[in-house]
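Residues per chain are reported as follows:
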Amino acid sequence: MFARFHREKAPLIVIEFTGEKANAQNFAVYLKGLEENYAGKEDIALVFDARNALDLNPVYQLKQAKWLRQNKDVVERYCQGIAYVIPNAFLRNMLALVFKIQPSPVQFKVFETFEDAYAWANAQLKD
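Let us look at the structure shown here. It should be emphasised that the depicted structure is a prediction, and the values quoted were computed from it without experimental measurement.

So, the pattern of salt bridges
A pair can form between side chains of opposite charge whenever their charged atoms are brought close.
Link 1 in the chain: For the coordinates displayed, the defined rule picks out six salt bridges.
Link 2 in the chain: One salt bridge connects E16 with R4, and the closest N-O pair in it is separated by 4.0 Å. Here E16 is found in strand β2 (residues 12-17), whereas its partner R4 is found in strand β1 (residues 3-6), with twelve residues between them in sequence.
Link 3 in the chain: With its nearest N and O atoms 3.7 Å apart, the salt bridge here joins E35 to K32. In this pair, E35 and K32 both sit in helix α1 (residues 24-36), three residues apart, roughly one turn of the helix.

Quick notes on the side chain of Q102
Link 1 in the chain: Within the secondary structure, Q102 is located in the loop between α4 (89-101) and β5 (108-111).
Link 2 in the chain: Overall, the relative accessible area of 9% leaves Q102 in the buried class.
Link 3 in the chain: Non-local contacts of Q102, meaning those with residues more than four positions away in its chain, are made with A65, L68, R69 and K72.

What about the packing of aromatic side chains?
Link 1 in the chain: Counted under the stated rule, the structure contains 14 aromatic pairs.
Link 2 in the chain: Residues F27 and Y60 carry aromatic rings whose centres are separated by 4.9 Å and whose planes lie at 45° to one another, so their mutual orientation is tilted. One end of the pair, F27, is in helix α1; the other, Y60, is in helix α2 (residues 58-70), with 33 residues separating them in the sequence.
Link 3 in the chain: Residue F27 is classed as buried on the basis of its relative accessible area, which comes to 1%.
Link 4 in the chain: On the accessibility criterion, Y60 (10% relative accessible area) is buried.
Link 5 in the chain: Where Y84 meets F99, the ring centres are 6.0 Å apart and the plane angle is 70°; that geometry is what we call edge-to-face. Taken together, the residues span a long stretch of sequence, with Y84 in strand β4 (residues 79-85) and F99 in helix α4 at a distance of 15 residues.
Link 6 in the chain: For Y84, a relative accessible area of 9% puts it in the buried group.
Link 7 in the chain: Given the relative accessible area of 12%, F99 is considered buried.
Link 8 in the chain: Connected via pairs of aromatic rings, a cluster forms that spans F2, F5, F17, F27, Y30, F48, Y60, Y84, F99 and F108.

About the cut-offs
- Per-chain numbering applies: the sequence of each chain, read as written, is numbered from 1 onward.
- Totals for whole chains, interfaces and linings use all residues, but because this is a predicted model, local features are given only for residues with pLDDT of at least 70 and pairs of side-chain atoms are given and counted only at 80 or more.
- Water and hydrogen atoms play no part in the side-chain values, which are based on all heavy atoms of the structure.
- By convention in these notes, a salt bridge is any Lys or Arg side-chain nitrogen within 4 Å of a carboxyl oxygen on Asp or Glu.
- Helical segments are the DSSP runs of H or I of at least four residues, strand segments are the runs of E of at least two, and each set is numbered from the N terminus.
- Per-residue accessibility, obtained with a 1.4 Å probe over protein chains only, is compared with the maximum for each type, and a residue is labelled buried under 20%, exposed over 50%, and partly exposed between these values.
- By definition in these notes, contact holds between two residues if any of their heavy atoms fall within 4.5 Å.
- A pair of Phe, Tyr and Trp rings is counted when the ring centres sit within 6.5 Å of each other, with Trp represented by its six-membered ring. The angle between the planes then sorts it: under 30 degrees is stacked, over 60 is edge-to-face, the rest tilted.

See the structure below:
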């Protein structure tokens, strides 16, 4: 499993990267999970927890950017903000590359700690 979706505290949803290397199958499941975040057509905020993430193959960076481009309208409508927990400088650079291919459709912020990211994302829902 490439990523786990924690929706117990929705509308604040945590996407936790497990450390498993991306492959065609698990990345497709991940993208389907992203889509499911918006199924309720309600305002949400996301925390992408990349503390255990490995590098992301450029093929999957492009797939992520394509997904963002295809779902830009729904993300803009329902996502109030995205917090990224990325303590690793290399992964922060990879995120920047994804956003060069497809800019983030909503406000986001990168954090080094989960607690700070969670608090920020939660605050976006109260605005």
